[in-house]
Amino acid sequence: MDRAAVPAGEDGRRRIARTDVLLADPRLAAAAGRLGRGVVKAAVTGAQRRARAGEIPPDAVADAAVGALPPTASGLRPVINATGVLLHTNLGRAPLSDAAREAVAVASGATDVELDLETGRRARRGRSVLAALLERVPQAEAAHIVNNGAAALVLAATALAPGREIVISRGEMVEIGDGFRIPELLAATGARLREVGTTNRTSPDDYAAAVGERTGFILKVHPSNFRIEGFTRSAGVAELTGLGVPVVADIGSGLLAPEPLLPDEPDAASMLKAGAHLVTASGDKLLGGPQCGLVLGRDDLVRALARHPLARALRVDKMTLAALEATVRGPRTPTEQALRADAAALRERAERLAARLRLDGVDAVPVESEAAVGGGGAPGVVLPSAAVALPEPFAVRLRRGDPAVMGRVEDGRCLLDLRAVPPGQDDAVADAVRAAAR
Ligand SMILES: *Cc1c(COP(=O)(O)O)cnc(C)c1O
């Protein structure tokens with residue numbers, strides 16, 4: 001039915017253009033080529049529904065559908081992290097550096113991930129990123145990369161302790177988050193947990209008494225999201241390396257070397273220096289890279305993991321390899337920049353941003369704020385920060401905006417904490433607040 005053929009003044013819904021007519025709109029037809037027909041059709045259906053509900057006039061449906069088109073064919077949308085939590089689990093933990101994003105873009109096509117272009121022969125997958133890791137952590141004889149920190153633990157347990165015991169302190173039986181518990185993860189591999197010590201105190205003697213013929217390895221787990229204070233004792237890696245079994249240290253955060261700003265956070269180099277035989281860690285926490293799990297340490301142990309049949313099920317894709325290498329070799333990551341951001345500079349940014357917004361009539365006030373590492377790193381560490389405080393209703397409007405801005409609601413205000421916002425995004429934050437004020 002032709003739109004023009006419908007007499008004006010009839011039931012409004014009949015004047016809403018049909019789907020096929022709308023899809024023929026040159027803008028929507030071009031979008032279908034870019035995003036796929038299904039994505040465009042969903043935008044069209046949504047716009048028709050709004051017209052039927054009387055939210056928009058019938059002749060605005062095509063424009064509304066164009067306006068509702070997502071920027072990509074994926075449902076994932078960009079978010080500006082103004083929560084003050086550097087590694088926000090629900091926002092995908094570490095944001096990648098530009099260097100890593102570029103590496104991902106290159107690797108996303110056909111790439112020489114398992115080919116030596118010089119000889120034309122098959123080459124070892126991930127060889128250059130493994131070399132990069134070993135350059136950064138010379139204490140490690142070998143390295144292996146899996147899908148995440150949990151996968152590194154599963155592979156270690158499966159390859160080194162099948163049907164055997166993993167000796168672990170009762171003070172290190174950690175729940176990572178979202179109900180995932182390291183002891184249950186390990187038990188799921190068929191290994192048995194041999195718990196030693198108590199919640200607050202475990203001594204080297206506790207480990208020594210438990211180690212025996214059935215021991216696969218000793219596991220030290222960094223309490224990365226909680227702290228036990230008071231009458232406490234735990235055994236350091238160096239105190240456990242003489243018991244005749246491998247010591248595996250799960251450091252969580254992925255720091256390759258000590259970070260002076262986070263003195264209590266373990267790092268791979270120090271753990272290996274202390275005698276750990278294997279270190280496992282996440283790639284998307286303080287290392288600031290893509291989601292992946294790192295295994296670093298003694299050559300024979302790393303090889304036992306890498307050659308285990310399960311390794312194939314836990315391997316990472318070429319884009320992860322590219323992003324990790326660019327993270328390890330490249331410039332300071334956004335996570336590191338956020339960690340090191342100077343509090344005075346953050347305050348200046350907050351003052352400037354708030355002043356600009358007040359000129360536009362927004363009730364914006366610069367305030368002091370407290371940021372945190374988050375995401376399973378440096379529990380209890382407070383990073384002095386600065387924020388722009390807005391009336392609370394802004395929180396929801398900013399979250400629903402494009403780009404979405406995630407602040408944090410505190411004392412009836414919406415705080416936009418700038419520590420995890422790259423300075424280059426202040427303009428985008430200002431635009432988003434102005435849009436939310438309208
Ligand atoms: C985060 C964390 C894990 C799990 O790592 P994922 O990369 O989230 O799978 C394991 N152990 C510790 C100590 C952690 O902090």
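Residues numbered from 1 in each chain as written. Predicted model: local features only at pLDDT ≥ 70, side-chain atom pairs only at ≥ 80, totals over all residues. Heavy atoms only, no water.

A. Structural detail: the packing of aromatic side chains. Applying the stated rule across the entire model yields zero aromatic pairs. Above the face of the phenylalanine 231 ring, arginine 201 is positioned so that its terminal group lies 3.9 Å from the ring centre. Between the NZ or CZ atom of arginine 397 and the centre of the ring of phenylalanine 394, over which it lies, the distance is 5.2 Å. (Phe/Tyr/Trp six-rings, centres within 6.5 Å; stacked < 30°, edge-to-face > 60°. Lys NZ or Arg CZ within 6 Å of the ring centre and 35° of its normal.)

B. Here's a closer look at helix H15 (residues 343-359). Its 17 residues place the ends of H15 25 Å apart at the C-alpha level, agreeing with the 24 Å of an ideal helix rising 1.5 Å per residue. The elements touched by buried residues of H15 are strand S11 (365-371), strand S12 (383-391) and helix H17 (426-437). Looking at the residues trailing H15, positive phi occurs at glycine 361, about 85°. (Helix = DSSP H or I, 4+ residues; strand = E, 2+ residues; numbered from the N terminus. Expected span 1.5 Å × (residues − 1). Contact = heavy atoms within 4.5 Å.)

C. Structural context of the sheet that holds S12. Taken in spatial order, the four strands make up an open sheet running S11-S12-S15-S14, and their pairing is antiparallel. Of all the strands in the sheet, just S11 and strand S14 (408-410) have a single pairing partner and so form its edges. Each strand of the sheet is rotated relative to its neighbour by a mean of 45°, with strand direction disregarded. (Pairing = 2+ DSSP bridges. Axes fitted to C-alpha atoms, helices over the stretch in contact; angles between N-to-C directions.)

D. Representation of the environment of valine 302. Residue position: valine 302 is located in helix H11 (residues 299-306). The buried category is assigned to valine 302, whose relative accessible area is 3%. Aside from chain neighbours lying at most four places away, what touches valine 302 is Ala142, Ala143, His144, Leu278, Val295, Leu296 and Gly297. (Buried < 20%, exposed > 50% of the residue type's maximum accessible area, 1.4 Å probe, protein only.)

E. Main features of the pattern of salt bridges. A complete count under the given rule lists 29 salt bridges for this structure. Where glutamate 229 meets arginine 227, a salt bridge forms, and the shortest distance between an N and an O atom there is 3.5 Å. For the pair glutamate 229 and arginine 227, one class covers both residues: exposed. The partner of arginine 408 in a salt bridge is glutamate 410, with the nearest N and O atoms 2.8 Å apart. (Salt bridge = Lys/Arg side-chain N within 4 Å of Asp/Glu carboxyl O.)

F. Broad picture of the domain arrangement of the protein. By domain assignment, the protein separates into domain 1 (17-68), domain 2 (79-91 + 337-437) and domain 3 (98-332). The straight-line distance from the C-alpha centre of domain 1 to that of domain 3 is 49 Å. (Domains from an automatic or database assignment.)

G. Looking closely at the site of the ligand. In the vicinity of the ligand, 14 residues are found, and the nearest of them are Arg93, Ser224, Asp250, Ser282 and Lys285. Measuring from an oxygen atom of the ligand, one finds a side-chain N or O atom of serine 224 at 2.5 Å. One nitrogen or oxygen atom from the side chain of lysine 285 is found 2.6 Å from an oxygen atom belonging to the ligand. Contributions of two or more residues to the shell around the ligand are made by helix H7 (149-160) and strand S8 (247-252). (Near = heavy atom within 4 Å. Polar contact = N/O pair within 3.5 Å; in protein donor to acceptor, adjacent residues only side chain to side chain.)

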